[in-house]
Amino acid sequence: MSRREKTAVIGGGMSGMAAAILLAECGRQAEIFERQERIGKKILLTGNGRCNLSNTEIDTAFYRCDDEGQLSRILSFCDGDKEQAFWERLGLKLRAQRGCLYPVTNQASTVLDCLRFRLEELRIPVHTEAECIKISGQKGAFTVQYRSAENAAAKAGAFDNVFLCCGGRAGVYREEEHNGYTLAKALGHTVKKGHPALVPVRCAEDMKAVAGVRVQADVSLWQAGTYLASDEGELQLTKEGISGIPVFQLSRYADDLNHSVFRVDFLPFLKQESLARILRERMDRMPGRSLEQFFAGWLQKKLCLYLLKRAGLKAEQTIGDMPLDRLKGIVAGMKACPFTPMSLGNYRQAQVSTGGIPLPEVSDHLESRKCPGIHIAGEMLDVTGACGGYNLHFALACAHAMTE
């Protein structure tokens, strides 16, 4: 792109603001159109208001997509040094906590302020409550038609390029007829169906007895008997189902809940190969204990009573009256306790949404292969990162890929 080219940036989220800043820093012109009443609204919600911006370990393994090779090339546009330099130019200092990168202020509003201040310094025009409804023309001569409070069919042009950074359907994004996916379809793109991701899961089981319990566990997702993915961390049990980071991570793979099951290992410290020996030794030491007392050092009381009830057992039953094989079966159930998903959290609860435009439909610089001059970034693409700053990092990587 030459220094005189002008770009319309549709969407004022992380990828849109960062792309506009990078363009202006190179002497190019950019203009942002954001359909919300303010830019960067979703940034304020990330990391529970702390804004987990990135991670010290960026790898394709932390993303779900159909083209790992192309994803790797896109991520290569924004390595750790380049990312650090970008935020330093904006005046933002980062700190690492267990690999996750946060602003030192621990406030998402600081991130948004630094982005806004830089946009103002570079005198980048920003139109809010401006919902793009049509893009016409071709590379070098695009016209953007948008709906605003003052004008239902305002036009802005001409633009040499258009960056579609409209986000997905998660969080604060509206699910109205005219959105980024509608624009992409009109330009000839396909949109892979998606669902809310990084969300809790509502289950068929009665969970009221264990609502509020938090426990370290291994969680795996299975579809019709086939293993899909697993994750370990703090599991949260709610009155409606299961939540917590492991569940959020696995929700990215829950495309079809039919014949699906989440299996929870509530005793991850017990290894299957040594299970019989450990149980035998424990039974020998505690022959007079009840089942509730036997598991007291391994499970929280509420959780123990719940799991025993699910197994059809009475908590007061004496451990000495139970054969080893029967006890092994009880523990096996605790190590692979099934939860039947009924539904995922909705888009309002979701941190991201899956699906979107397949990566093969754009170049490594994210230029559309259907309509040259159009670039597509961030959550609009069929790339879904794990919790831990991976989605915001991908948004920033997209901004670098589009502008280099």
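The text that follows walks through the structure, step by step, so that each part is easy to find. (Residues numbered from 1 in each chain as written. Predicted model: local features only at pLDDT ≥ 70, side-chain atom pairs only at ≥ 80, totals over all residues. Heavy atoms only, no water.)

1. Observations concerning the sheet that holds strand 15 (residues 226–237)
Read across the open sheet, the seven strands follow the order 18-17-14-15-16-13-19; overall the sheet is antiparallel. Bordering the open sheet on either side are strand 18 (337–339) and strand 19 (341–344), each of which pairs with just one other strand. On average, adjacent strands in this sheet sit at an angle of 35 degrees to one another, irrespective of strand direction. Summarising the sheet, strand 13 (residues 201–203) and strand 16 (residues 241–243) pair through two bridges and their orientation is antiparallel. By the bridge assignment for strand 16, Val-201 is matched with Ile-242. Lying on the sheet, helix 9 (residues 301–310) is in contact with strand 14 (214–223), strand 15 and strand 18; it crosses strand 18 at an angle near 85 degrees. (Pairing = 2+ DSSP bridges. Helix = DSSP H or I, 4+ residues; strand = E, 2+ residues; numbered from the N terminus. Axes fitted to C-alpha atoms, helices over the stretch in contact; angles between N-to-C directions. Contact = heavy atoms within 4.5 Å.)

2. Structural notes on the pattern of salt bridges
Close approach of charged atoms lets side chains of opposite charge pair. Taken as a whole and judged by the stated rule, the model has 22 salt bridges. Note that Glu-88 and Lys-93 form a salt bridge whose closest N and O atoms lie 3.8 Å from each other. Since its relative accessible area comes to 40%, Glu-88 is described here as partly exposed. The class of Lys-93 is partly exposed, set by a relative accessible area of 45%. The salt bridge partner of Asp-382 is Lys-192, with a shortest N-O separation of 3.5 Å. Of the two residues, Asp-382 is situated in the loop between strand 21 (374–376) and strand 22 (384–385) and Lys-192 in the loop between helix 5 (180–186) and strand 12 (196–197); the sequence distance between them amounts to 190 residues. In this structure Asp-382 comes out as buried when scored by relative accessible area, which is 7%. Of the residues examined, Lys-192 reaches a relative accessible area of 37% and is grouped as partly exposed. (Salt bridge = Lys/Arg side-chain N within 4 Å of Asp/Glu carboxyl O. Buried < 20%, exposed > 50% of the residue type's maximum accessible area, 1.4 Å probe, protein only.)

3. Describing the packing of helix 1 (residues 14–25) against helix 11 (residues 390–403)
The interhelical angle for the contact between helix 1 and helix 11, taken along N-to-C directions, is 35 degrees, at an axis separation of 8 Å. Crossing of helix 1 against helix 11: the hand is right-handed. Contacts from Met-14, Ser-15, Ala-18, Ala-19, Leu-22 and Leu-23 in helix 1 reach Leu-392, Ala-395, Leu-396, Ala-399, His-400, Met-402 and Thr-403 in helix 11. Considered class by class, the residues forming the contact of helix 1 with helix 11 number 10 nonpolar, three polar and no charged. (Left-handed = near helix turned anticlockwise from the far one by under 90°. Nonpolar A, V, L, I, M, F, W, Y, C, P; charged D, E, K, R; others polar.)

4. Let's talk about the sheet that holds strand 2 (residues 29–33)
Read across the open sheet, the five strands follow the order 7-2-1-11-21; overall the sheet is parallel. In this open sheet, the two edge strands, each paired with only one partner strand, are strand 7 (126–127) and strand 21. For strand 1 (residues 6–10) and strand 2, the ladder comprises five bridges, and the chain directions are parallel. Among the inter-strand pairings, Thr-7 is bridged to a residue of strand 2, identified as Ala-30. Sitting on the sheet, helix 1 touches strand 1, strand 2 and strand 11 (161–164), and the angle it makes with strand 2 is about 160 degrees.

It is worth stressing that arrangement in space is one thing and function is another; only the former is reported here.
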